[in-house]
Each structure stands twice: as C-alpha cells, then as structure tokens.
Amino acid sequence: MGFILWGLSELIRLYILLIVVWCLLTWFPGAIQSSLGQFITKLVSPYLSFFDRFVPALGGVSFAPIIAIIVLYVVQYGIQGLAYFLGV
C-alpha cells in the first residue's frame, strides 16, 4: 500500500513539473508549437481547461496554472497524510 501511495505522490509531483514547463514554454514564441510543446499541451491542457472556466484572466495573464498547482499540492499532502495515518 505504501508503494502505491508513494507512486501516486510522485506522479502528482511530475505532473506539477509538467505544468511549470508548459507555463515556461508559453513565454517563448514558437516553443509551444514544437513537438515537445504539443506533447506537454496534450497532457496538461485538459486539467488546466477546468480551471480556466473558473479563474478569470487578469490583464491577459491566466492564473489558472497557479490554482491548478495549489490543488495538486493539496491532493499530494492529503496522500502523504493518508500514508502517515495508515502507518506506511
């Protein structure tokens, strides 16, 4: 059980990293159109589009990725708390 919770926590950490990389790619012209940019966009876009509906952009800057990362951190801490509670 501990390995599953650890693996899930690591997958969340990796997904957070993908969101950060996607945000950095959006700052550089043409980077998001590269094959790496398109691959990361396919992975990250469905999750971020959920937050785009609720978090308005201010001055052309979207804060949805920040809220999405905060939610993932909360889920990750919940998983770690569950592991601690189960004594793993």
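To start, this report covers the structure provided alongside it. Owing to the predicted nature of the structure, the values given are computational and were not obtained by experimental measurement. (Residues numbered from 1 in each chain as written. Predicted model: local features only at pLDDT ≥ 70, side-chain atom pairs only at ≥ 80, totals over all residues. Heavy atoms only, no water.)

### A word on the overall build of the protein chain
Counting its secondary structure elements, the protein chain contains three helices and zero strands. Projected onto its principal axes, the C-alpha positions of the protein chain cover 50 × 30 × 15 Å. Here the analysis covers contacts within the protein chain between residues at least 6 apart in sequence; of these, 58% occur between residues at least 24 apart. Looking at the protein chain as shown, the accessible area adds up to about 6,200 Å², and 76% of this sits on carbon and sulfur atoms. (Helix = DSSP H or I, 4+ residues; strand = E, 2+ residues; numbered from the N terminus. Contact = heavy atoms within 4.5 Å. Areas by Shrake-Rupley, 256 points an atom, 1.4 Å probe, with all protein chains shown as cover.)

### Concerning the nonpolar core
With 18 residues, the main nonpolar core has Ile12, Ile16, Ile19, Ile40, Val44, Leu48 and Leu72 as its most contacted residues. Those elements giving two or more residues to this core turn out to be α1 (2-27), α2 (35-52) and α3 (64-86). (Core = buried A, V, L, I, M, F, W, Y, C linked by side-chain atoms within 4.5 Å. Buried < 20%, exposed > 50% of the residue type's maximum accessible area, 1.4 Å probe, protein only.)

### Describing the packing of α2 against α3
At their nearest, the axes of α2 and α3 sit 9 Å apart, and the two run at 110 degrees to each other. In terms of their interaxial angle, α2 and α3 are classed as roughly perpendicular. For the pair α2 and α3, the contacting residues are Tyr47, Leu48, Phe51 and Asp52 in the first and Ala64, Pro65, Ile67, Ala68, Val71 and Leu72 in the second. Of the residues in the contact of α2 with α3, the class split is nine nonpolar, no polar and one charged. (Axes fitted to C-alpha atoms, helices over the stretch in contact; angles between N-to-C directions. Parallel < 35°, antiparallel > 145°, perpendicular 65-115°, else oblique. Nonpolar A, V, L, I, M, F, W, Y, C, P; charged D, E, K, R; others polar.)

### Quick word on α3
The terminal C-alpha atoms of α3 lie 33 Å apart, and with 23 residues this matches the ideal 33 Å at 1.5 Å per residue to within 8%. For α3, every residue scored as buried is listed here: Ala64, Pro65, Ala68, Ile69, Leu72, Gln76, Ile79 and Ala83. The inward-facing, buried residues of α3 abut α1 and α2. Positive backbone phi, at 75 degrees, marks Gly87, one or two positions downstream of α3. (Expected span 1.5 Å × (residues − 1).)

### Things to note about the pattern of salt bridges
According to the stated counting rule, one finds one salt bridge in the structure shown. One salt bridge connects Glu10 with Arg13, and the closest N-O pair in it is separated by 2.7 Å. You can see Glu10 and its partner Arg13 sitting in helix α1, three residues apart, about one turn around the helix. (Salt bridge = Lys/Arg side-chain N within 4 Å of Asp/Glu carboxyl O.)

### Things to note about the side chain of Ser9
By the secondary structure assignment, Ser9 is in helix α1. By relative accessible area, Ser9 is classed as buried at 6%.

### Here's the deal with a nonpolar patch on the surface
Nonpolar side chains collect at one region of the surface, where Leu58, Val61, Phe63, Ile66, Ile67, Ile70, Val71, Val74 and Val75 lie side by side and expose about 740 Å² of accessible area between them. Among the structural elements, Phe63 can be located in the loop between α2 and α3. (Patch = residues over 30% accessible without salt bridge, like charges linked within 9 Å, V, L, I, M, F, W, Y side chains within 5 Å.)

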